[in-house]
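# Overview (structure and organization)
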Amino acid sequence: MSNTNIVIATKKLTKQFGDFTAVDAITFEVYQGEIFGFLGANGAGKTTAMRMLCGLSKPTSGEATIAGFDIYKETERIKTKIGYMSQKFSLYEDLTIIENINFFGGIYGLPKAALKTRTEQLIHRLGLEAEANKLVGDLPLGWKQKLAFSVAILHEPSIVFLDEPTGGVDPITRRQFWDLIYQAAESGITIFVTTHYMDEAEYCNRVSMMVDGVIAALDTPTNLKKQFNAQTMDEVFHELARGAKRKSD
Amino acid sequence: MNDVIVENLSKYFGKPPLTALDNISFEVGKGELFGLIGPDGAGKTTLFRILTTLLLPNSGKAIVNGSDIVKDYKAIRKKVGYMPGKFSLYQDLSVEENLHFFATIFDTTIAANYKLIEDIYKHIEPFKKRRAGALSGGMKQKLALCCALIHRPEVLFLDEPTTGVDSVSRKEFWEMLKRLKQEGITILVSTPYMDEANLCERIALIQDGEIMSIDTPQNITATYPYSLFAIKSTNMSQLLTDLRQYDPINSVFSFGEYHHISFKDEKNDTDTTLAYLQNLGHTALECHPISANIEDCFIHQMSTK
C-alpha cells in the first residue's frame with residue numbers, strides 16, 4: 001500500500017440520540033486501496049457510524065469527508081462514490097442475476113454500453129454463465145454473497161462498505177469472498193468491513209476497535225497484538241470489549 | 001434410551017424437489033450438549049423444525065424424549081423448548097408479559113421454574129417493562145432463551161443462538177448453556193461458527209443436507225488425514241497465490257495470521273517450500289507444524305465430498 005490518498009477522513013464525528021451518545025467524537029482516516037476492519041461489540045456504535053459515513057444519517061457534530069465530499073452537504077455525491085452490501089440487504093431475490101445487475105447498474109447511472117461490458121465481465125469472473133437467467137433466490141447463499149459484492153462494486157466506487165458480509169457462509173466460500181475483497185483492494189477500491197469472525201480481522205491492513213462509541217484502538221493487526229500483548233485478534237477484542245460499560249445485554 | 005433418535009430422515013421442498021435433508025441418522029444422549037455445525041442452507045433449521053414437530057419429514061423417523069415426532073407430536077410439544085434462529089417473541093408485549101405468556105400456554109407459572117432461568121433472567125430483569133421489540137440483540141437472545149426454558153423442557157433446541165453476536169457475548173452465552181446442562185437438560189444447538197464446536201460434547205458437521213461426520217470434537221480433529229503446517233510471510237495475499245501455484249501443495253487456506261497448508265506427499269519437507277518461496281521474494285517467512293482444528297476438518301470434508 002504505497003498509496004496514501006485519504007478517502008475517508010473524520011474529525012470528532014458524533015451522533016446523539018436524545019441524551020444517548022451513540023458515536024462519541026471519532027477521528028480517523030482511511031487510505032485508498034486499504035482493507036479497513038471496523039470492529040466492535042454489538043451496540044458499540046458501528047452501525048450508526050457507518051450510516052453517517054454512507055450519507056444516510058446526519059451527524060450531530062464533527063466533520064467528515066468521504067471520497068472528498070462533505071458528509072453534511074454532499075450526501076448525494078457521496079452515494080455515487082460508494083458501494084454497500086450486508087448480509088441482510090443485498091439483491092432482489094425475485095429478479096434474475098442479469099436483472100439484478102441491470103437494475104443496480106441503472107440506479108448508479110452506468111451508460112448502457114458500459115453496463116453491458118461490465119455485466120459480461122462480472123458473470124464471467126464469477127463463472128455464472130449457466131446461471132445468468134436464474135432467480136437470485138434460487139442461488140446458494142455463498143453465491144448470493146459473492147454476486148452481491150460484485151454488484152456493489154459494479155460502478156467502480158472509491159469505497160465499498162461491507163457490513164458482516166460473510167455471516168453464516170461456509171468456510172470455503174468465506175475464503176473465496178476474501179479473495180474477491182483482495183482483488184477489489186488491489187484495483188484501488190477501499191474496503192471498509194465489519195465482521196464477527198476474528199480471523200478475518202487479521203486479513204485487514206488496519207483495524208479499528210470501537211468500544212462505547214469511541215475508537216478504543218486503531219492499528220495494524222500485528223501492532224494491536226503487540227500493544228495488548230495478545231496472541232490473536234480475538235484476545236485483543238476481548239481485552240478491549242471486556243472494559244465496555246455500555247452492555248449489549 | 002437416547003433422548004433424540006433420528007433414523008434416515010429426509011426432507012424435500014418445492015418442485016423440482018430441493019433436498020434439504022438427505023437420509024440423516026444420529027442419536028443424542030440424555031443430558032448431552034450436542035452441536036450441529038454448518039453454514040446457512042446446510043439443513044440445520046429444517047432438522048430442528050422436524051424434531052420440534054413443526055414440519056413433517058418426507059421419509060425416515062425420529063423419536064424425541066421417547067415420543068414419535070409424527071404420532072406423538074402433542075407429547076413432544078410439552079417436553080421440548082425451541083429457540084428459533086429468527087426472533088419470534090411478541091414484539092409488542094413487554095419482557096415480563098412474554099415470559100408470563102409462554103409460562104401460561106405451558107400451563108405453568110414463572111414462579112414454578114424461576115430457579116432454572118434466574119441466572120439468565122436477572123440480566124434482563126431491570127428492563128422487564130420494556131417492549132420486547134425495543135430490546136438490544138443480546139437482550140432479545142436472553143429473553144428468547146428464558147421463554148424456551150420456562151416450562152422446564154427435557155430437550156432444548158437452540159437454532160443459531162449466537163449468529164450475528166459479537167465474540168464476547170458469544171462466550172457468555174456458552175457459559176449459560178454449560179450451566180443448563182448441569183440441570184440435566186439435553187441440548188441441541190446449531191451454529192455456523194466453527195470455533196464453537198469445541199464447546200460441545202459431540203458434534204455433527206453438516207453441509208448440503210448431509211452429515212459429513214459425527215463424533216467428539218477431539219476425535220474429529222484427530223482424524224484429519226494430512227500433516228498440517230501454518231505458514232506466514234510479509235505479503236500474505238501474494239503468499240496465498242504463490243502457494244496455490246506450487247505443485248507439491250495439496251491444500252492452502254487462510255486462517256487469520258497464517259495460511260494452513262498440507263502437501264500431496266507426506267515426505268515433502270517444508271525447507272524446500274521455504275526456499276522456493278524465498279526465491280519468489282517472500283521475506284520474514286515462518287512455518288511450523290500444527291494440529292488441525294474443526295474448520296480445517298470441515299473444509300477438508302467439504303472438498304472431498
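## With respect to the overall build of chain A
Per the secondary structure count, chain A includes 9 helices and 10 strands. In summary, chain A has a C-alpha radius of gyration of 18 Å against a globular reference of 18 Å for 249 residues, a match within 12%. Counting only C-alpha atoms, chain A reaches 50 × 40 × 40 Å along its principal axes. Each of the 249 residues in chain A was classed as buried or not, and the buried ones make up 55%. Long-range pairs, those at least 24 residues apart, make up 68% of the contacts in chain A with a sequence separation of at least 6. Across chain A, 27 positive and 30 negative side-chain charges occur, with their mean positions spaced 4 Å apart.

## Some details on the overall build of chain B
Secondary structure assignment for chain B yields 10 helices and 14 strands. Projected onto its principal axes, the C-alpha coordinates of chain B cover approximately 70 × 45 × 40 Å. Buried positions account for 51% of the 305 residues belonging to chain B. When contacts within chain B are restricted to residue pairs at least 6 apart in sequence, those whose partners lie at least 24 apart make up 70%. Working note: accessible area of chain B is about 13,700 Å², and carbon and sulfur atoms make up 50% of it. Looking at chain B, you have 32 positive and 38 negative side-chain charges, and the mean spots of the two groups are 9 Å apart.

## Topic: the pairing of strand E4 (residues 61-66) of chain A
Residue and element names in this part refer to chain A. As paired elements, strand E1 (residues 6-17) and E4 share 5 bridges and run antiparallel to each other. Considered in E4, the bridge of alanine 9 is made with threonine 65. Of the strand pairs in this sheet, E4 and strand E5 (residues 69-70) are connected by 2 bridges, and their pairing is antiparallel. Bridge assignment links threonine 65 to a residue of E5, and that residue is aspartate 70.

## Here's the deal with the side chain of A:Glu34
All names here are of chain A. When you line up the elements, glutamate 34 lands in the loop between strand E2 (20-31) and strand E3 (35-40). The class of glutamate 34 is buried, set by a relative accessible area of 0%. For glutamate 34, the side chain forms a polar contact with the main-chain nitrogen of tyrosine 31, separated by 2.9 Å.

## Some points on the interface of chain B and chain A
In this complex, chain B contributes 33 residues to the contact, which on the side of chain A involves 31 residues. Across the chain B to chain A interface the summed buried area is about 2,500 Å²; carbon plus sulfur atoms make up 54%. Close ionic contact of B:Glu295 with A:Arg175 constitutes a salt bridge, the shortest N to O distance being 2.9 Å. If you look at where chain B meets chain A, you find 12 residue pairs in polar contact (both at pLDDT 80 or more). Within the residue set of the side of chain B that touches chain A, elements represented by two or more residues are helix H5 (137-149), helix H6 (167-182), helix H8 (236-244), strand E12 (249-255) and helix H10 (294-304) of chain B. Counted by class, the side of chain B that touches chain A contains 13 nonpolar, 11 polar and 9 charged residues.

## Side note on the environment of B:Leu55
All names here are of chain B. With respect to the helices and strands, the residue leucine 55 is situated in the loop between helix H1 (44-51) and strand E4 (59-64). Along the chain, leucine 55 and glutamine 278 lie 223 residues apart, while their C-alpha atoms are 57 Å from each other. When near neighbours in sequence (up to four residues on either side) are disregarded, leucine 55 contacts Lys11, Phe13, Thr46, Arg49 and Ile50.

## Quick notes on helix H5 (residues 141-152) of chain A
Here H5(A) contains 12 residues, and its C-alpha end-to-end distance of 16 Å stays within 8% of the 16 Å for a straight helix at 1.5 Å per residue. By the burial criterion, the buried members of H5(A) are A:Gly142, A:Lys144, A:Gln145, A:Lys146, A:Leu147, A:Ala148, A:Phe149, A:Ser150, A:Val151 and A:Ala152.

## Some details on the environment of A:Ala230
Summarising the element assignment, A:Ala230 is placed in the loop between helix H8 (221-227) and helix H9 (233-242). Excluding anything up to four places from it in sequence, A:Ala230 contacts A:Lys225, A:Glu235 and A:Val236.

## Focus on the packing of aromatic side chains
All names here are of chain B. Scanning all chains against the criterion turns up 21 aromatic pairs over all chains. A centroid spacing of 5.4 Å and a plane angle of 70° characterise the contact between phenylalanine 48 and phenylalanine 157, whose relative ring orientation is edge-to-face. One end of the pair, phenylalanine 48, is in helix H1; the other, phenylalanine 157, is in strand E7 (residues 155-159), with 109 residues separating them in the sequence. Under the relative-accessibility criterion, phenylalanine 48 is labelled buried at 0%. The class for phenylalanine 157 is buried, based on a relative accessible area of 0%.

## Brief notes about a nonpolar patch on the surface
Residues and elements named next belong to chain A. Taken together, the side chains of Tyr92, Phe103, Ile107 and Tyr108 define a hydrophobic patch exposed on the protein surface, amounting to about 370 Å² of accessible area. Note on placement: tyrosine 92 falls in the loop between strand E6 (82-86) and helix H3 (97-107). Take tyrosine 92: its relative accessible area is 39%, and that puts it in the partly exposed class.

## Some details on the packing of helix H3 (residues 95-105) of chain B against H5(B)
Relative placement of two packed helices is described by the angle separating their axes and the distance separating the axes. Residues and elements named next belong to chain B. Following both chains from N to C, one finds H3 and H5 inclined at 20°, their axes separated by 8 Å at the closest point. Of the possible angle classes, the one that applies to H3 and H5 is roughly parallel. The two elements H3 and H5 cross, and the hand of that crossing is right-handed. Between H3, through Val95, Asn98, Leu99 and Phe102, and H5, the contact on the second element is made entirely by Leu143, Cys146 and Cys147.

## Some points on the sheet that holds strand E1 (residues 4-13) of chain B
All names here are of chain B. Sheet architecture is open: 4 strands sit in the order E2-E1-E4-E5, paired in antiparallel fashion. Edge positions in the sheet fall to strand E2 (18-28) and strand E5 (67-68), since each of these pairs with one other strand and no more. When E1 meets E4, the two strands line up antiparallel, connected through 5 bridges. By the bridge assignment, glutamate 7 is partnered in E4 with lysine 61. In this fold H1 packs onto E1, E2 and E4, with an angle of close to 120° to the strand it touches most, E1.

About the criteria used
Residues numbered from 1 in each chain as written. Chains lettered and ligands numbered in written order. Predicted model: local features only at pLDDT ≥ 70, side-chain atom pairs only at ≥ 80, totals over all residues. Heavy atoms only, no water. Helix = DSSP H or I, 4+ residues; strand = E, 2+ residues; numbered from the N terminus. Rg over C-alpha atoms; globule rule 2.2 N^0.38 Å. Buried < 20%, exposed > 50% of the residue type's maximum accessible area, 1.4 Å probe, protein only. Contact = heavy atoms within 4.5 Å. Lys, Arg positive; Asp, Glu negative; His and termini not counted. Charge placed at Lys NZ, Arg CZ, Asp CG, Glu CD. Areas by Shrake-Rupley, 256 points an atom, 1.4 Å probe, with all protein chains shown as cover. Pairing = 2+ DSSP bridges. Polar contact = N/O pair within 3.5 Å; in protein donor to acceptor, adjacent residues only side chain to side chain. Buried area = accessible area lost by both parts, 1.4 Å probe. Salt bridge = Lys/Arg side-chain N within 4 Å of Asp/Glu carboxyl O. Nonpolar A, V, L, I, M, F, W, Y, C, P; charged D, E, K, R; others polar. Expected span 1.5 Å × (residues − 1). Phe/Tyr/Trp six-rings, centres within 6.5 Å; stacked < 30°, edge-to-face > 60°. Patch = residues over 30% accessible without salt bridge, like charges linked within 9 Å, V, L, I, M, F, W, Y side chains within 5 Å. Axes fitted to C-alpha atoms, helices over the stretch in contact; angles between N-to-C directions. Parallel < 35°, antiparallel > 145°, perpendicular 65-115°, else oblique. Left-handed = near helix turned anticlockwise from the far one by under 90°.

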